[in-house]
Structures are given as structure tokens and as C-alpha cells.
Amino acid sequence: MRCEKCHADLPEGVRFCPNCGAPQPEPTQPEVLHRMGVAAQERGAYVEAESYYHKALEAYAASSREGDLGYADVQNDLGGLYFAMGRYAAAEPLYRQALELRQRILGPEDPVVASSLSNLGSLHYAAGNPKAALPLLQEALEIQEDALGEERPQTAQTLNNLALVYADLGDYEAAESLLGEALEIRRRTLGEKHPDVAQSLNNLALFHETVGDYAQAEELFQEALQIRRAALGESHPDVAQSLNNLAMLRQTLGNYHDAERYLRQVLEIYERSLGRRHPYVAQTLRELALVVGLQGKTEEAEELLERALKIYKGLPEHSRLAYAATLDSLASLRQLTQNYPAAEDALRKSLEIYRAAGDRASHARALYDLGTVLRLGGQYDEAEALLRQCLEIRDGVGDKVGIAAALEQLGLVAQDRGALEAAEGYFSDSLELRKSIRDRAGMARSLHQLGALALARGDFAEARAHLNESLELNRKLGVQSRVAEDLSALARVAEQQGRTGEARALEEEARALAERVRLKDSLAATLARRADEGRLREISEQLGVGYEDLPGEGPAIKGRELVTWAYQSDSLEDLENLVAEAYPDADDDD
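Per chain, residue numbering runs from 1 following the sequence as it is written. With pLDDT at 70 or above as the cut-off, local features in this predicted model cover only qualifying residues; side-chain atom pairs require 80 or more to be listed or tallied, and sums for whole chains, interfaces and linings still use all residues. Based on all heavy atoms of the structure, the side-chain values leave hydrogens and waters out of the count.

*Asks:* How do you make sense of the overall build of the chain when you look at a structure like this?
*Replies:* Helix and strand definitions here come from DSSP, where helices need a minimum of 4 consecutive H or I residues and strands a minimum of 2 consecutive E residues; each element is numbered from the N-terminal end. From N to C terminus, the chain includes 27 helices and 0 strands. For 590 residues, the compact-globule estimate of 2.2 N^0.38 gives 25 Å, and the C-alpha radius of gyration of the chain, at 27 Å, lies within 12% of that figure. Here the C-alpha coordinates of the chain stretch approximately 85 × 60 × 45 Å along the principal axes. When a residue's accessible area, from a 1.4 Å probe over protein chains only, is under 20% of the maximum for its type it is buried; when over 50% it is exposed; and in between it is partly exposed. For the chain, the residues scored as buried account for 51% of the 590 residues in total. Contacts spanning at least 24 positions in sequence make up 56% of the contacts within the chain whose residues lie at least 6 apart. Here the accessible surface of atoms and residues is derived via Shrake-Rupley with a 1.4 Å probe, and residues count as covered only by protein chains that are part of the display. Split by element, the accessible area of the chain, about 26100 Å² in all, is 48% carbon and sulfur. Taken as two groups, the 65 positive and 99 negative side-chain charges of the chain have centres that lie 2 Å from each other. Here the radius of gyration uses the C-alpha set of atoms, whereas the globule reference equals 2.2 Å times the residue count to the power 0.38. The contact rule is simple, with two residues in contact once any of their heavy atoms fall within 4.5 Å. Charge assignment in this entry is limited to Lys and Arg as positive and Asp and Glu as negative, and neither His nor the chain termini are counted. In plain terms, the charge of a residue is placed at NZ if it is Lys, CZ if Arg, CG if Asp and CD if Glu.

See below:
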């Protein structure tokens, strides 16, 4: 609802504009239909909302009011509905038409125009085209800073959106700077404990996760989680989002047990707060299925995906892209069991859906995933062709992270074919690109691949140099599974050079590391099932750790944090003994 005189946004039902004092007339038929569409969208009834929005546009047209600001508002909201549904091709012309009408009525420097520019930029970003998003968001930010000032929450939101674009384009320095600026604006204007501050912390954490700074990402995710719990309550969907982010981080680190536990909490919150048939529930089921599958529990993973599909079947407005995403999850499970033909079949179906929807980011990802599966199945010609298509799309939109991944996969295709020189070129190009954007996790992967390639050529000095550099990065990142891979590869180098003693020592270190990870996961599982506050306090005190100092709430979460502390401080064996004393029948658990 807008004031007809000054165009300010108004709360529903006001009779006088609080901005200019002008009296407000009763809402017209098009305005009523528009409001009904907004209400339907807010409760998730997308088909009903779409119908109301179209009726509102028709009502404006019937009364020859297509030039009204209200008409632009309906166009904008209908575009937002299609955006939420993943129908990017349908959303774009509506956003553009709303922008043009708002510019004509309000002038090019109005904050409402900035909102339209930001919406259009965010759409391009979501559709996988950060190059197109960048100038729109920059223009929106400039208008907002001039019209509203730099210290406004609206400006902070645009800074956040712009930072995400810079991150995709590989300008991590600019992305980090903008995220930090947005966080400070929100802290100053909203206070330390506002949910929007948590959103900024969450975005900054995602950035640190992208560049491989996992410890910093964990700290920021936990801070955001605590703010959201205090401000919104334990059962709010935003709390579930924070837990989901922590789950994805633990999955990246290879800690599947923790990832599963977090996702089960996410699922419980979504089912309680949004209902068992909500799309977020289905999305969580898909993510949980993959984590469960990574632990070898394929039967349960299949059941979780079936539950997700049943939900999507009852949500026709979400069915197309959601069905494709579920096919992707199914393909990942098939790939885990090396059932490459079944994975290929699922990915070919999802690829066609993404291509038809005009979702460039998902289209490129599907090409990448299918190319990877075909490579694993020995179909090198088609794998290479698909990966080159993926590379072309990502290069066209400036997705440097995705370009590096595609180059890496092309290198693996060349390596599998025995074209070692070509493979080295791809891996080297990927490494240089990852260095330019400070992608430390990706750098470690490229270095490991170059080291393995040098070993295959018999260039032991180069292999050792690359693998040692990879090992150093992976130790800093804390990805223990990759540390073990580097150690094993270095052991093979030493063995080839006749250094049998060094080879045995490296292999023993790799085995010991694997055993520590196994013990950590086992202890975490035991405490998640068994821990009660009284005994966990006793265990913590015996280890010299304050129970209240452990992050999180409740014995299950604090138990996990105690295991993490013990792992990092080389106290796992002490914790193992204390847990065995506290829970002597723990080995009988399923």
C-alpha cells in the first residue's frame, strides 16, 4: 500500500499518511486483489497468489491504469513470486517492466527504483549470471547511499547482495570488505543481537567457508546461531537455517555424523514450525539422504528421498525444479555405490529440466555432474564435451570458482585417458585461478593432483614438493581425510625412491589419523545418544573443561563440542576412557 501523494509505503488500513499527512482513500479493486496475492504468497499458496496477481493486473488494465505505480508494484511482486519458484525466465521481464515504470513515475534516483534494480540484480545472481548482476546492484547501492545515507539497513542488505556477486566473480577481497561493512552498519543501527546481524554473520561465515577458512566459518556460524536462538526462539526457521549451515560445514570436513545430527535438528524444527509438507522439509530430507548415504546407510537414504518426492508431488508449483534437485540427490547416492548408469540416467533428466527452465547456474552444475559421472564410467568423449559446455557457461558469467572446478575435472578426463601433459595443463590452470581468488581448499586439491601426476611421470622431487604444499594447506584447513590422502601419496613417493623407512612412517601416520577420526566419530555418536547433563559435567571437569564454557545448549550439543575440544587438544584417549567408565554398556548401542 502506497500514499498516492508522496508514494511512501504504508501499513495496511491507515487513513492518513504518517509521512506527508495526506488522507488515504479506500483501496480499489486492483489494490485489494494485489493484497490478496501478497497474503497468499506469504502463506506459501503460490498458485493462488499467481492467480490474484494476474487478476490485479487485468483490473488495472480494464480501468486504463497500466501507468499507475500500483501496476508496477504488482509486476514486481509477481516477478518476485516467479523468482521464489525458480522461474527466472518468467520473472525477468516483469522485474524489468516494473523498473521502467517506477523510473518513469518516480525518477531514476528514488529508493523504490533502487529496490527494483536490486531485485533484478539478485535474479541474475540466482540464475548464475553474476556479471549481469554486478552493475545493477552497484547502481542500486549508489542510489540508496545518496537517498538514504550509508548507515541504513537497506544499504546493508544491498552491500550483502553485492558481496555475494563479488565472491562468485572471484574478487574475494572486495566481497569480504563489503560483508564486513554491512555487518558493522547493522550492528550500529540495529544492535548486536538483532536477527539481521545474525544474517550478516551467516553471510560472512559462508564467505570464510568458501575460501577454506573453516575454523572462522564455524565461529561465525555459531555466533549467528546463538543470536537467532535468543531473538527468535529454538523453533524458528532461521535457527534451522543456521543449523543447516553448520551441517554443511561438517559435511565438507568429512564429519558426517555431526552433519547428520544437525540436519535431524533442522528437520524437526521445519516440521514443527512449517508443517510436514513444506518445501524446506523436502529440501532437508534430500540433504539428510546424502549425508546418511555417505555413511553407507543407503537403504535409509532411499527412504528419505522417497519422502521428499512425496512432498514435492503435493506442491505442483515447486515440482519441476524441486524434482530435478531430487534427481541430483538420487544421482549422488547412485554414484556413491558406483552405479554410474543409474546416476547418469537421473542426471540426464535433471539436466533437461534445468535447461528448459533457463536456470544457468543449475544447468552448468548439471553438466558438470553428468560429465563427472560419465568420466567415472569411462565415457570420456561425451564427458569432455559436457564439461566444455559447463566451462563455456561459467566463463560467460564470470564464475571463477566454477571455472576452476571444470578445469580440474577436464584434467581428470585427460589423466584417465593417459594424456598426462594435457592433464597437467588443466590442473595448473585450475591452481593458478584458485590462487588468484584465495580458494585454499581448491588449491590443496590442485596441488595434490599435480603431485599425483608428477609421481605417475616418475618426477619424485616435483611430486614431493606439490604434495607437501597440499599437506600443509590441508592441515591448516583441518580436513583430516585429505591430510591422510596427502600422507599416503607421500608414502608412495618415498617407497618409489627406496626410502622404505620414511614410507612406513608416513603410512603409519595416515593410519593413526584415520583411527583418530574414527574414534572422534564414535565418541560423538555415543555422547549424542547417551549424554545426560550430570555425567557430562563430571567428564568435562575431569578433563579440565568448564561445562558452561562449551558452545551450544543441552548435553547432546555440548557433548559434541567436548569431543571436538578433545580432538583438537590430543585428549581423545582420555575422553574415551572417561566415556567408557560413565557408559560401560555403550558398545551395545545399535
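Okay, back to it.
*Asks:* Any chance you could explain the packing of aromatic side chains here in plain terms?
*Replies:* Two measures describe an aromatic ring pair: the distance that separates the ring centres and the angle between the ring planes. Here is the rule: rings of Phe, Tyr and Trp (six-membered ring for Trp) pair when centre to centre is within 6.5 Å. Planes less than 30 degrees apart are stacked, more than 60 are edge-to-face, and the remainder are tilted. Evaluation of the coordinates by the stated rule reveals 5 aromatic pairs. Between the aromatic rings of Phe83 and Tyr88, the centroid separation amounts to 5.8 Å while the plane-to-plane angle is 75°, which identifies the pairing as edge-to-face. With a centroid separation of 5.7 Å and 85° between ring planes, the pair formed by Tyr172 and Phe207 is classed as edge-to-face. One end of the pair, Tyr172, is in helix H8 (residues 172–190); the other, Phe207, is in helix H9 (residues 195–210), with 35 residues separating them in the sequence. Take Tyr172 and Phe207: they sit in the same class, and that class is buried. Here a set of aromatic residues connected by ring pairs shows up, and it is made of Phe83, Tyr88 and Tyr95. Directly above the ring of Tyr262 sits Arg261, whose terminal nitrogen or CZ lies 5.2 Å from the centroid. One residue, Arg516, lies across the ring of Tyr567, its end atom 4.2 Å from the ring centre. Only Lys NZ and Arg CZ are tested; either one counts as a charge over a ring when it is within 6 Å of the ring centre and within 35 degrees of the ring normal.

*Asks:* Would you mind showing me how to read the environment of Val165 here?
*Replies:* By the secondary structure assignment, Val165 is in helix H7 (residues 153–168). For the pair Val165 and Asp521, spaced 356 residues apart in sequence, the C-alpha separation works out to 36 Å. Excluding anything up to four places from it in sequence, Val165 contacts Tyr125, Pro130, Ala133, Leu134 and Leu137.

*Asks:* Help me out: how do you make sense of the nonpolar core in this one?
*Replies:* Inside soluble globular proteins, nonpolar side chains tend to come together where they are buried. With 66 residues, the main nonpolar core has Leu162, Tyr166, Leu201, Leu243 and Leu285 as its most contacted residues. Considering each element in turn, this core owes the most residues, 8 residues, to H8. Not counting the four nearest positions on each side in its chain, Leu243 is found in contact with Leu225, Arg229, Tyr262, Gln265, Val266 and Ile269. Put simply, a nonpolar core is a bunch of buried Ala, Val, Leu, Ile, Met, Phe, Trp, Tyr and Cys residues held in one set by side-chain atoms that sit within 4.5 Å of each other.

*Asks:* Where do I start with the side chain of Glu408 in this structure?
*Replies:* Its location among the elements puts Glu408 in helix H19 (residues 400–416). In contact with Glu408, other than residues within four places in its own chain, are Phe427, Ser430, Arg434, Arg445 and Gln449.

*Asks:* For this particular structure, what's the right way to read the packing of helix H16 (residues 340–357) against helix H17 (residues 360–376)?
*Replies:* Convention adopted: a line fitted to C-alpha atoms gives each axis, helices being fitted over their contacting stretch, and angles between N-to-C directions are expressed from 0 to 180 degrees. Look at H16 against H17: their axes get within 9 Å of each other, and the N-to-C directions meet at 160°. The angle between H16 and H17 falls in the class roughly antiparallel. Seen along the crossing, H16 lies across H17 with a hand that is left-handed. Only Ser362, His363, Arg365, Ala366, Leu367, Asp369, Leu370, Val373, Leu374 and Leu376 of H17 make contact with H16, whose side of the interface consists of Tyr340, Ala343, Glu344, Leu347, Arg348, Leu351, Tyr354 and Arg355. Orientation labels follow simple angle bins: below 35 degrees gives roughly parallel, above 145 gives roughly antiparallel, 65 to 115 gives roughly perpendicular, and whatever is left gives oblique. By convention, the crossing between two helices is left-handed when the near helix turns anticlockwise from the far helix through less than a right angle, and right-handed when the turn is clockwise.

*Asks:* Looking at this model, I keep getting lost on helix H11 (residues 237–252). Mind explaining?
*Replies:* Because each turn of an α-helix spans 3.6 residues, side chains separated by three or four positions end up pointing in the same direction. The length a helix should cover is 1.5 Å for every residue beyond the first. Relative to the 22 Å expected for 16 residues at 1.5 Å per residue, H11 spans 23 Å between its end C-alpha atoms, a close match to the ideal helical length. Val239, Ala240, Ser242, Leu243, Asn244, Asn245, Leu246, Ala247, Leu249, Arg250 and Gln251 are the residues of H11 that are buried. Along its buried surface, H11 packs onto H9, helix H10 (214–232), helix H12 (256–274), helix H13 (279–294) and helix H26 (555–568). Just downstream of H11 lies Gly254, where phi reads positive at about 80°.

*Asks:* Is there a simple way to think about the packing of helix H5 (residues 111–126) against H7 in this case?
*Replies:* How two helices pack is summed up by the angle between their axes together with the distance between the axes. At their nearest, the axes of H5 and H7 sit 11 Å apart, and the two run at 30° to each other. If you check the angle between H5 and H7, you find them roughly parallel. Between H5 and H7 the crossing geometry is left-handed. Taken together, the residues of H7 that come into contact with H5 (itself represented by Ser118, Ser122 and Tyr125) are Thr158, Asn161, Leu164, Val165 and Asp168. Among the residues making up the contact of H5 with H7, the classes are represented as 3 nonpolar, 4 polar and 1 charged. Gly is put with the polar residues, along with every residue not named as nonpolar or charged; the nonpolar set is Ala, Val, Leu, Ile, Met, Phe, Trp, Tyr, Cys and Pro, and the charged set is Asp, Glu, Lys and Arg.

*Asks:* How should a negative patch on the surface be read in this particular structure?
*Replies:* On the surface, Glu109, Glu139, Glu142, Asp146, Glu150 and Glu181 cluster together to form a negatively charged patch. Of the residues forming the negative patch, the biggest block, 3 residues, is contributed by helix H6 (residues 130–148). With respect to the secondary-structure elements, Glu139 resides in helix H6. Relative accessible area serves as the criterion here: at 35%, Glu139 is assigned to the partly exposed category. Each patch is built from residues that are more than 30% exposed by relative accessible area and take part in no salt bridge. Like charges join if they lie within 9 Å; nonpolar side chains (Val, Leu, Ile, Met, Phe, Trp, Tyr) join within 5 Å. Salt bridges are defined by distance alone: a side-chain nitrogen of Lys or Arg within 4 Å of a carboxyl oxygen of Asp or Glu.

*Asks:* Would you mind going over the pattern of salt bridges with me for this structure?
*Replies:* It is possible for side chains of opposite charge to pair when their charged atoms get near one another. For the structure shown, the criterion picks out 44 salt bridges. Residue Arg307 is joined to Glu271 by a salt bridge in which the shortest nitrogen-to-oxygen separation is 3.0 Å. One end of the pair, Arg307, is in helix H14 (residues 298–313); the other, Glu271, is in helix H12, with 36 residues separating them in the sequence. Assessed through its relative accessible area of 18%, Glu271 is described here as buried.

*Asks:* What is the right way to look at the side chain of Glu561 in this model?
*Replies:* Tracing the backbone through its elements, the reader meets Glu561 in helix H26. By relative accessible area, which is 8% here, Glu561 ends up buried. Discounting residues that sit within four places of it in the chain, Glu561 has contacts with Glu218, Gln222, Arg250, Tyr262, Leu550 and Pro551.

*Asks:* Please explain helix H18 (residues 380–397) as it appears in this structure.
*Replies:* Along its 18 residues, H18 runs 26 Å from first to last C-alpha, staying within 8% of the 26 Å computed at 1.5 Å per residue. Looking at the buried positions of H18, the neighbouring elements they touch are H6, H17 and H19. The positive-phi residue at the C-terminal boundary of H18 is Gly398, with phi of around 80°.

*Asks:* What is the right way to look at unusual backbone geometry in this model?
*Replies:* Peptide bonds are trans in most cases, and residues, glycine excluded, mostly fall at negative phi. Its identity as a non-glycine residue notwithstanding, Ser64 has a phi of 55°, on the positive side. Residue Arg438 is not a glycine yet carries a positive backbone phi of 60°. Here Arg438 is to be found in the loop between helix H20 (420–436) and helix H21 (440–457).

*Asks:* Can you help me understand the environment of Ala580 in this one?
*Replies:* Checked against the element boundaries, Ala580 lands in helix H27 (residues 572–582). Taking the C-alpha atoms as reference points, Ala580 and Thr526, separated by 54 residues in sequence, lie 9.8 Å from one another.

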